Amino acid sequence: MTKEGFKSGFVAIIGRPNVGKSTLLNRIVGEKIAIMSNKAQTTRNKIQGIYTTDDAQVVFIDTPGVHKPQNSLGDYMVKSAFSALHEADAIWFVIDADKKRGAGDNYIIDRLKDVKNTPIYLLINKVDLLKKEDLFEVINTYQEDAPEWTEIFPISAREGDNVPELLDTVVDTLDEGPQYFDADQLTDHPERFVIAELIREKVLQLTQQEVPHSVAVVIDKIETGDDDIVHIQASIVVERPTQKNIVIGKQGKMIKQIGTRARKDIERLLGSRVFLETWVKVEERWRDRPQALQSLGYRKDDF
């Protein structure tokens, strides 16, 4: 039953890779549900984060960064990003204030021009890295050959600058509607998905440029023992034996470090002690094989 005066809706967050979409989503929900890395194209799925107050519920769809696809996985990511535009009651287009407008931004803007009857907000992120006098130049750049923005918000997702005001604005524009999720639920994704993403984040962070985005993580088993410790078994999938050697590291040091860091985040997520076991598997060219993509959790219809 819908509470009288209660507002709800869906907001799609779109932008080029590495502009801070996941950082913004995590800032809003107050927990890490979308992984972060200084590498582009970290987010691969549409990750829904849920923001709930006494009077409203907003479901945010964090999309993969829009980029020129190089393989079947890249095609999946771009299709996933643009499909969110048709599911949303509002759209947040996030740009990096510290980067010049480029071909990738223009590609997204052209797609946004085709969206009708949906508020589109321009979010200028990372303004903490920008001189105040340069902000007006950025705004002017993104008003040329662009949709008529519903509103322009300079923000810092990392520091939280102007984020509460942004939230208040989008809630005010939503229609009355149902509460889709429980008040304490932060994401629609199952725990297995979030746990796998936390492990993948640590691989990306620790291996730096040695292992590109040819890594995936599969949760093979989760069970709680009599000791109330959550036992998790996970497989880290790479494309080449050399990458496997890097992830394992000399005398197993790298895989141990990945596991230690991931376990701490998983324990915060679950609120329980965790025993994490990881293995590394080689699946050659898995990003170009639809069957492999499907087995790793990507929907067949999106290839």
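Please refer to the structure higher up on the page.
Residues numbered from 1 in each chain as written. Predicted model: local features only at pLDDT ≥ 70, side-chain atom pairs only at ≥ 80, totals over all residues. Heavy atoms only, no water.

Chemist: How should I be thinking about a negative patch on the surface in this particular structure?
Modeler: Taken together, E4, D89, D175 and E176 make up a surface patch of like negative charges. Position of E4 among the secondary structure elements: in the segment before β1 (7–15). (Patch = residues over 30% accessible without salt bridge, like charges linked within 9 Å, V, L, I, M, F, W, Y side chains within 5 Å. Areas by Shrake-Rupley, 256 points an atom, 1.4 Å probe, with all protein chains shown as cover. Salt bridge = Lys/Arg side-chain N within 4 Å of Asp/Glu carboxyl O. Lys, Arg positive; Asp, Glu negative; His and termini not counted. Charge placed at Lys NZ, Arg CZ, Asp CG, Glu CD. Helix = DSSP H or I, 4+ residues; strand = E, 2+ residues; numbered from the N terminus.)

Chemist: Where do I start with the packing of aromatic side chains in this structure?
Modeler: By convention here, two paired aromatic rings are described through the distance between centres and the angle between planes. Taken as a whole and assessed by the stated rule, the structure comprises 4 aromatic pairs. Across the ring face of Y142, the terminal group of R101 is positioned such that the distance to the ring centre comes to 5.5 Å. (Phe/Tyr/Trp six-rings, centres within 6.5 Å; stacked < 30°, edge-to-face > 60°. Lys NZ or Arg CZ within 6 Å of the ring centre and 35° of its normal.)

Chemist: Help me out: how do you make sense of the environment of V215 in this one?
Modeler: Assignment of secondary structure puts V215 in the loop between α6 (191–207) and β7 (216–224). Look at V215 and you get buried, because its relative accessible area is 0%. Taking C-alpha positions, V215 is 6.9 Å from I236, a pair spaced 21 residues apart along the chain. (Buried < 20%, exposed > 50% of the residue type's maximum accessible area, 1.4 Å probe, protein only.)

Chemist: Where do I start with the pattern of salt bridges in this structure?
Modeler: One side chain can pair with another of opposite charge once the charged atoms of both are near each other. Under the defined criterion, the tally for this structure stands at 13 salt bridges. Where K113 meets D110, a salt bridge forms, and the shortest distance between an N and an O atom there is 3.5 Å. Residue classification places D110 among the partly exposed residues on the basis of a relative accessible area of 40%. Residue D145 is joined to K113 by a salt bridge in which the shortest nitrogen-to-oxygen separation is 2.6 Å. Here D145 is found in the loop between α4 (132–141) and β6 (151–154), whereas its partner K113 is found in the loop between α3 (103–112) and β5 (120–125), with 32 residues between them in sequence. Each of the salt bridges in this network shares a partner with another, and the network as a whole consists of E201, K202, D265 and R268.

Chemist: Would you mind going over the sheet that holds strand β8 (residues 230–238) with me for this structure?
Modeler: Each strand in a sheet pairs with its neighbour through backbone hydrogen bonds, running either in the same direction (parallel) or in the opposite one (antiparallel). Strands sit in the order β7-β8-β9 across an open sheet of 3 strands; the sheet is mixed. At either margin of the open sheet sits one strand with a lone partner, and together these are β7 and β9 (274–282). In this sheet, adjacent strand axes meet at a mean angle of 15° when their direction is disregarded. Strand direction decides the pairing type here: β7 and β8, joined by 8 bridges, are antiparallel. Counted as the bridge partner of E223 is H231 from β8. Along the sheet, helix α7 (residues 241–248) contacts β8 and β9; its crossing angle with β9, the most-contacted strand, is approximately 155°. Each of β8 and β9 is contacted by helix α8 (residues 253–270), which is oriented at about 135° to β9, the strand it contacts most. (Pairing = 2+ DSSP bridges. Axes fitted to C-alpha atoms, helices over the stretch in contact; angles between N-to-C directions. Contact = heavy atoms within 4.5 Å.)

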